[in-house]
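What the coordinates show
Chain residues, written in single-letter form:
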Amino acid sequence: MLLSTPPTALYWRRSFPGDAEQARAARRFTSCLLAGFPALDEVLLTVDELVVNALRHTKSGQGNGLFTLEVLGRSSGVAVAVTDQGGPGEPAVRDVDELAESGRGLRTVSHLATSWGWYGDESGRTVTAMFAGEWLQ
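This report concerns the structure included in the present document. In this text the structure is predicted, and so the values were computed from the model without any measurement. (Residues numbered from 1 in each chain as written. Predicted model: local features only at pLDDT ≥ 70, side-chain atom pairs only at ≥ 80, totals over all residues. Heavy atoms only, no water.)

The next thing to look at is the side chain of Glu70. On the secondary structure map, Glu70 appears in strand 2 (residues 66-74). Within the buried set, Glu70 has no salt-bridge partner at all; the shortest N-O distance to an opposite charge, 4.2 Å, is to Arg13. Only 2.3 Å separates the side chain of Glu70 from the side chain of Tyr11, close enough to count as a polar contact. (Helix = DSSP H or I, 4+ residues; strand = E, 2+ residues; numbered from the N terminus. Buried < 20%, exposed > 50% of the residue type's maximum accessible area, 1.4 Å probe, protein only. Lys, Arg positive; Asp, Glu negative; His and termini not counted. Salt bridge = Lys/Arg side-chain N within 4 Å of Asp/Glu carboxyl O. Polar contact = N/O pair within 3.5 Å; in protein donor to acceptor, adjacent residues only side chain to side chain.)

This part takes up the packing of aromatic side chains. Enumeration according to the criterion identifies two aromatic pairs in this entry. Ring geometry for Phe16 and Phe29: centres 6.1 Å apart, planes at 75°, overall edge-to-face. Of this pair, Phe16 sits in strand 1 (residues 10-17) while Phe29 sits in helix 1 (residues 22-33), placing them 13 residues apart in sequence. Arranged with centres 5.1 Å apart and planes meeting at 10°, the rings of Phe16 and Phe67 form a pair that is stacked. Taken together, the positions of Phe16 in strand 1 and Phe67 in strand 2 put the pair 51 residues apart, joining distant regions of the chain. As far as burial versus exposure is concerned, Phe16 and Phe67 are alike and both buried. Every member of this aromatic cluster is reached through a ring pair, and the members are Phe16, Phe29 and Phe67. Taking the ring centre of Phe29 as reference, the NZ or CZ of Arg14 above it sits at 5.5 Å. (Phe/Tyr/Trp six-rings, centres within 6.5 Å; stacked < 30°, edge-to-face > 60°. Lys NZ or Arg CZ within 6 Å of the ring centre and 35° of its normal.)

Below, the discussion takes up helix 1. Compared with the 16 Å implied by 1.5 Å per residue over twelve residues, the 17 Å span of helix 1 between its first and last C-alpha is a close match. Inspection of helix 1 places Gln22, Ala23, Ala25, Ala26, Phe29, Thr30 and Leu33 among the buried residues, and these make up the whole buried set. The arc enclosing the buried residues of helix 1, seen along the axis, measures out at 160°, which places them on a common side. Away from the buried face of helix 1 by more than 90 degrees, exposed residues Arg24 and Cys32 are located. (Expected span 1.5 Å × (residues − 1). Arc of directions from axis to C-beta.)

Right, here's the structure in full:
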């Protein structure tokens, strides 16, 4: 288990094929699980960014690749994590030219989430984002 689960929490985990259309499936999965969470839109945008990064920058987006999405809900908030199959780079917030068409994903996550972080290596990484808010009342 990649996310620590307190006794009063709900936890879900699902693996998806490494195809671009699976970003939509991951958002739908998350949306169904977290209906009613006040920051649901921010969580869904974050899931999308993390999945797209896994597909673009790691082995998860190559032939027969996979990524795993974990969702943890508790009364004080929500955490989402995407685990990929690794790649050459490390997740980092980058400064990009204002006309650049990409490169803002983790900066967006850093503004939306209460906190975020990652661990792993070139064999596989997990990026996690936390969101505060009352839920599961």
